[in-house]
Amino acid sequence: MAMEEDKVEIKRILELLRTLCRMLGLTNREIERRMGLTPSYLSRLYGGFIEVKLEHVFGIARAMGLKPGEFFEFAYPSRTEPPSEAAIVIRRILRDLQPPIPEMTSPSPTPALRQEDIQQMVQDSLRQFFSGLTRTGG
């Protein structure tokens, strides 16, 4: 079963490479030229006549102007299924290896304003505003 799933995934990756090339307006021949390969190489790769290797994926991505990591972001933009047990273990180990984040000391809380304080601030602001209008002739 895993072998069949692998074939489906490889086909999906190759189709994504081909689609991204088209989106960028790049022909197979242009990608082959940029990679220093013979004509029809990509046709044979996409057709299943050449075994796909990771170097092929990296090279095609770079020939498009993408970093391999950027290509894989397009290939796997988000998880659609729960993580495997191995992924959970790896994430836990990586998390445990991170240095602890120092606790932030929160500033002392600002004392709450009383209703009288707010009214006084509004009155002071209005006085200042209107006195500015009378000085400028407004």
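Residues numbered from 1 in each chain as written. Predicted model: local features only at pLDDT ≥ 70, side-chain atom pairs only at ≥ 80, totals over all residues. Heavy atoms only, no water.

## A look at the pattern of salt bridges
Overall, the coordinates contain six salt bridges when judged by the stated rule. A salt bridge links Arg-29 to Glu-32; the shortest N-O distance between them is 3.8 Å. Taken as a pair, Arg-29 and Glu-32 lie in helix α2 (residues 28–35) at a separation of three residues, close to a single helical turn. Look at Glu-32 and you get buried, because its relative accessible area is 2%. (Salt bridge = Lys/Arg side-chain N within 4 Å of Asp/Glu carboxyl O. Helix = DSSP H or I, 4+ residues; strand = E, 2+ residues; numbered from the N terminus. Buried < 20%, exposed > 50% of the residue type's maximum accessible area, 1.4 Å probe, protein only.)

## Concerning helix α5 (residues 68–75)
For α5, the complete set of buried residues consists of Pro-68, Phe-71 and Ala-75. Buried residues along α5 cover an arc of 60° about the axis, so they all sit on one side. (Arc of directions from axis to C-beta.)

## Re the nonpolar core
Ranked by size, the top nonpolar core spans 21 residues in total, and within it Leu-17, Ile-31, Leu-42, Leu-45, Ile-60, Met-64 and Phe-71 carry the most contacts. Put simply, the parts of the chain that give this core at least two residues each are α1 (2–23), α3 (41–46), α4 (54–64) and α5. Per-element accounting of this core gives the leading share, six residues, to α1. Apart from the residues within four sequence positions on either side, Leu-42 is in contact with Asn-28, Ile-31, Glu-32 and Ile-60. (Core = buried A, V, L, I, M, F, W, Y, C linked by side-chain atoms within 4.5 Å. Contact = heavy atoms within 4.5 Å.)

## Remarks on the packing of α2 against α4
Between α2 and α4, the shortest axis-to-axis distance is 9 Å and the interhelical angle comes to 105°. Regarding the angle of α2 to α4, the classification is roughly perpendicular. Of the residues in α4, those in contact with Ile-31, Arg-34 and Met-35 of α2 are His-56, Gly-59, Ile-60, Ala-63 and Met-64. Looking at the contact of α2 with α4, its residues break down into five nonpolar, two polar and one charged. (Axes fitted to C-alpha atoms, helices over the stretch in contact; angles between N-to-C directions. Parallel < 35°, antiparallel > 145°, perpendicular 65-115°, else oblique. Nonpolar A, V, L, I, M, F, W, Y, C, P; charged D, E, K, R; others polar.)

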